[in-house]
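# Residue-level structural notes
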Amino acid sequence: VQLVESGGNLVQPGGSLRLSCAASGFTFSIYRMSWYRQAPGKERELVADITSAGGSTNYADSVKGRFTISRDNAKRTVYLQMSSLKPEDTAVYYCMCDVGGIHYWGKGTLVTVSS
């Protein structure tokens, strides 16, 4: 199982970014996928997740209405569209998949929201 995140960058408050997570090594289309983040000095927290076919999503209260999770099973990729970014969104963002009870993580991509 391999998960590779990309798309992190420095962005001004109020800006937007789209993160991507490319998956390989497992049957991507049958698993729920999740985005987590970890800010400096804080615990890792769930940001959003999406069911295997994309029919149901779940968001942390802190990002509802600003972030959108989606997936393209043909491309084996899950996305996180982030808008109206705030300084408190600054974190390393990780994608995660639970395959057979084992949590697989990517290495993360850094998002910095600052003027």
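Because the structure is predicted, anything quoted here is derived from the model rather than measured.

## Regarding the packing of aromatic side chains
Applying the stated rule across the entire model yields four aromatic pairs. The interplanar angle of 70 degrees and the centroid separation of 4.9 Å between the aromatic rings of Tyr36 and Trp105 together place this pair among those described as edge-to-face. In this pair, Tyr36 is assigned in strand β4 (residues 33–38) and Trp105 in strand β10 (residues 102–105), connecting sequence segments 69 residues apart. Take Trp105: its relative accessible area is 33%, and that puts it in the partly exposed class. Members of the aromatic cluster, joined through ring pairs, are Phe26, Phe28 and Tyr31.

## Some points on the environment of Gly25
With respect to the secondary-structure elements, Gly25 resides in the loop between β3 (17–24) and β4. Classification of Gly25 as exposed rests on a relative accessible area of 66%. Taking the C-alpha atoms as reference, Gly25 lies 8.9 Å from Leu3; in sequence the two are 22 residues apart. Once residues lying within four places of it in the same chain are set aside, the contact partners of Gly25 are Val1 and Arg76.

## Details of the pattern of salt bridges
As enumerated under the stated definition, the model contains five salt bridges in all. When the shortest N-O distance is used, the salt bridge between Arg32 and Asp49 registers 3.3 Å. Linking Arg32 in the loop between β3 and β4 with Asp49 in strand β5 (residues 45–50), this pair joins segments that are 17 residues apart in sequence. Judged by its relative accessible area of 9%, Asp49 falls in the buried class. The residue Asp61 makes a salt bridge to Lys64 at a minimum N-O spacing of 3.1 Å.

Thresholds, definitions, all that
- Throughout this document, residue positions are counted from 1 along each chain, in the order its sequence is written.
- The predicted nature of this model means local features are confined to residues of pLDDT at least 70 and side-chain atom pairs, given and counted, to a pLDDT of 80 or more, with totals for whole chains, interfaces and linings taken over all residues.
- Calculated side-chain values reflect all of the structure's heavy atoms, with hydrogen atoms and water omitted.
- Two rings belonging to Phe, Tyr or Trp (six-membered ring only in the last case) form a pair when the distance between their centres is within 6.5 Å. Interplanar angles under 30 degrees mark stacking, angles over 60 mark edge-to-face geometry, and anything in between is tilted.
- What counts as a helix is a DSSP run of H or I of at least four residues, what counts as a strand is a run of E of at least two, and both are numbered from the N terminus.
- For the exposure calls, accessible area comes from a 1.4 Å probe over protein chains only, and a residue counts as buried if that area is under 20% of its type's maximum, exposed if over 50%, partly exposed in between.
- We call two residues in contact when some of their heavy atoms are within 4.5 Å.
- Salt bridge criterion: a side-chain nitrogen from Lys or Arg within 4 Å of a carboxyl oxygen from Asp or Glu.

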